[in-house]
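Listed here are the chains, written in short residue letters.
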Amino acid sequence: YTGAYNAMLARSVLLALFCSAVSLRVAVLSDHASNAWAKKSSCAGAKGEVKTRCNLQVYRDAISKAAGAGADVLVLPEGYGLDNPTRRTFYEPLISKKGSNPCIFGDDSAHPVQTQLSCLAAEHSISVSVNIFTTLSNGTRRITDIVFGPKGSVEAVYHKHHLWVSEYLHFRSGPYLPTTVTIAGHTLGLIICWEGVYPFLTRDFSQVTDLVSHHKAQALLWSVGGVPSMMAKMAKSLAQRYNVPVVGSATEGAGVIIHADGSPSPYVTVVPLDEIEGYTAKASVAVADLELVERP
C-alpha cells in the first residue's frame, strides 16, 4: 500500500467512528512578511499605524483571493503580520465585541484593522480569522484573535493566554478562556502561536483539551507569529493527539492545513497575491477541503 492510500484509509476509519462527516473549505495566508517592502517604496521603514495600513493591503488581497477560491474561512497570521511590537507599534483600540459589526459603527481613522476586515468579510461573504495587537479600555494591551463572519459581524474575540517570554514586555496575558467560533455550522477552536507549543513543553494540555473535549471543537485555527517549521511539526502533533485538523498561518513561511491523522491536506489551489507596489514577499493563499466530524 502507498502512504497516500494508508492515510486515506486511516481517515475513512476515523470518520466511520463518528456519526457524520462534513467538509469545510479553509484558506491560509502563506509566506507573508510585514517588513517585505522595497527600499524605495512608501512602506519601507514605515512605523506605527502607517506600517499597519501598508500590510492591510496584503490582507485585503488575501481575503479576495480566498473568497474567490470558495473558502469558508481565511486564517491570517499572528499580529506580527502587521507589525512587530515596539514602543512605536500601533496597538489598535479594541472595539470588537461578539455580535457587533465594526463595518457599520467602526471608524477607519481609529480602528483600521477591525473596520476594514469587517467590511471585507461582508463584501466577499467569507469568515476571516485575524490576529491583532490591541489596547483595551483600561490601557492594557493584548494579542487578540477576532473572527469576522460572512456578514462582517464579530463571531468571536479571544485574548492570548500563554504569552511568549519577550511578549511580556508589551502585553498582558488574557484570561484562561478557551474559545471556539462557529463557522458554516462547525465548531472551531482558537489558539495563538506559543499556545500550540506550550503544552508539549510543560505537559499542560488543559487549553486544547478543553477546546476539543468540552467545547467540541472539530478543528483548530492557529495564528502564528514566526518559526513556520516549528508550526508544521507542532500542528501534526496536535492533530494526532486530539484527532482534529489544524489550520495555521504564520509570518515568513508556509501555512499548514493538516488532517486529523497528521497528514497534510492536498491543496485545492494555491493563489499568488496580486502585485502590490513595493511589496517583495512571494505571498499566496493556500486553499484545501477539510474533513470534519461531529464530536460526540
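A short tour of the structure in this document, coming up. Please read all numbers here as calculations on a predicted model, not as lab measurements.

## So, the packing of aromatic side chains
Next, step 1: Tallied over the entire structure, the rule returns seven aromatic pairs.
Next, step 2: Seen from their ring centres, Y91 and F133 are 6.4 Å apart, and the 35° between their planes marks the pair as tilted. With Y91 in the loop between β2 (73-75) and β3 (92-93) and F133 in strand β4 (residues 127-135), the pair connects residues that are 42 residues apart, well separated along the chain. There is no split in this pair, since Y91 and F133 are both buried.
Next, step 3: The interplanar angle of 65° and the centroid separation of 4.8 Å between the aromatic rings of W164 and W194 together place this pair among those described as edge-to-face. A residue pair is termed long-range when its members are at least 10 positions apart, and W164 in the loop between β6 (154-159) and β7 (180-183) and W194 in the loop between β8 (186-192) and α5 (198-202) qualify at 30 residues.
Next, step 4: Through successive ring pairs, a cluster of aromatic residues spans Y80, Y91, F133 and F171.
Next, step 5: Directly above the ring of Y91 sits R141, whose terminal nitrogen or CZ lies 3.9 Å from the centroid.
Next, step 6: Against the face of F205 rests R241, its NZ or CZ located 3.5 Å from the ring centre.

## Observations regarding the pairing of strand β5 (residues 141-148)
Next, step 1: Taken across its eight residues, β5 has seven buried, putting it largely inside the fold.
Next, step 2: Pairing of β4 with β5, which is carried by eight bridges, proceeds in the antiparallel orientation. By the bridge assignment for β5, T135 is matched with R141.
Next, step 3: Linking β4 to β5, which pair antiparallel, is a turn of five residues; within it G139 sits at a positive phi near 90°.

## Focus on the sheet that holds strand β11 (residues 256-258)
Next, step 1: Pairing in this open sheet of five strands is mixed, and the strands run β7-β8-β9-β10-β11 from one edge to the other. Where the open sheet ends on each side, the last strands, each with one partner, are β7 and β11. Pairwise comparison of adjacent strand axes, ignoring direction, gives a mean angle of 20° for this sheet.
Next, step 2: Of the strand pairs in this sheet, β7 and β8 are connected by four bridges, and their pairing is antiparallel. Bridge pairing links T182 to T187 in β8.
Next, step 3: Each of β7, β8 and β9 (219-224) touches helix α6 (residues 206-214); the most contacted strand, β8, lies at about 170° to it.
Next, step 4: Sheet strands touched by helix α7 (residues 228-242): β8, β9, β10 (246-250) and β11. Its angle to β10, the strand with the most contacts, is close to 170°.

## With respect to the side chain of S263
Next, step 1: Counting through the fold element by element, S263 comes out in the loop between β11 and β12 (269-272).
Next, step 2: Only 2.7 Å separates the side chain of S263 from the side chain of D261, close enough to count as a polar contact.

## Quick look at the layout of surface pockets
Next, step 1: Here the largest pocket is characterised by a volume of approximately 280 Å³.
Next, step 2: What lines the largest pocket is a set of 14 residues, and nearest its centre among them are W164, C193, W194, G226 and V227.
Next, step 3: Only β9 and α7 provide two or more residues apiece to the lining of the largest pocket.
Next, step 4: Class assignment for the residues of the lining of the largest pocket results in 10 nonpolar, two polar and two charged.

## Here's the deal with the pattern of salt bridges
Next, step 1: Summed over all chains, the structure comprises eight salt bridges.
Next, step 2: In this structure, the salt-bridge partner of R53 is D108, at a minimum N-O distance of 3.1 Å. With R53 in helix α2 (residues 48-68) and D108 in the loop between α3 (102-105) and α4 (112-124), the pair connects residues that are 55 residues apart, well separated along the chain.
Next, step 3: For R53, a relative accessible area of 25% translates into the label partly exposed.
Next, step 4: The partly exposed category is assigned to D108, whose relative accessible area is 30%.

## Some thoughts on unusual backbone geometry
Next, step 1: For S125, which is not glycine, the phi dihedral falls at a positive 55°.
Next, step 2: Structurally, S125 is set in the loop between α4 and β4.
Next, step 3: With a phi angle near 40°, C193 is a residue other than glycine that sits in the positive phi range.
Next, step 4: Inspection of the secondary structure puts C193 in the loop between β8 and α5.

## Digging into the environment of E49
Next, step 1: As for its placement among the helices and strands, E49 is situated in helix α2.
Next, step 2: The spacing of E49 and T89 is 40 residues in sequence and 7.1 Å in space, taken between C-alpha atoms.
Next, step 3: In this structure the side chain of E49 is engaged in a polar contact, spanning 2.9 Å, whose partner is the side chain of R53.

Definitions and limits used
Residues numbered from 1 in each chain as written. Predicted model: local features only at pLDDT ≥ 70, side-chain atom pairs only at ≥ 80, totals over all residues. Heavy atoms only, no water. Phe/Tyr/Trp six-rings, centres within 6.5 Å; stacked < 30°, edge-to-face > 60°. Helix = DSSP H or I, 4+ residues; strand = E, 2+ residues; numbered from the N terminus. Buried < 20%, exposed > 50% of the residue type's maximum accessible area, 1.4 Å probe, protein only. Lys NZ or Arg CZ within 6 Å of the ring centre and 35° of its normal. Pairing = 2+ DSSP bridges. Axes fitted to C-alpha atoms, helices over the stretch in contact; angles between N-to-C directions. Contact = heavy atoms within 4.5 Å. Polar contact = N/O pair within 3.5 Å; in protein donor to acceptor, adjacent residues only side chain to side chain. 1 Å grid on protein atoms, 1.4 Å probe; cavity = no way out; pocket = protein on both sides within 12 Å on 5 of 7 lines; lining within 4 Å. Points joined across faces, edges and corners; volume = space filled by probe spheres on them. Nonpolar A, V, L, I, M, F, W, Y, C, P; charged D, E, K, R; others polar. Salt bridge = Lys/Arg side-chain N within 4 Å of Asp/Glu carboxyl O.

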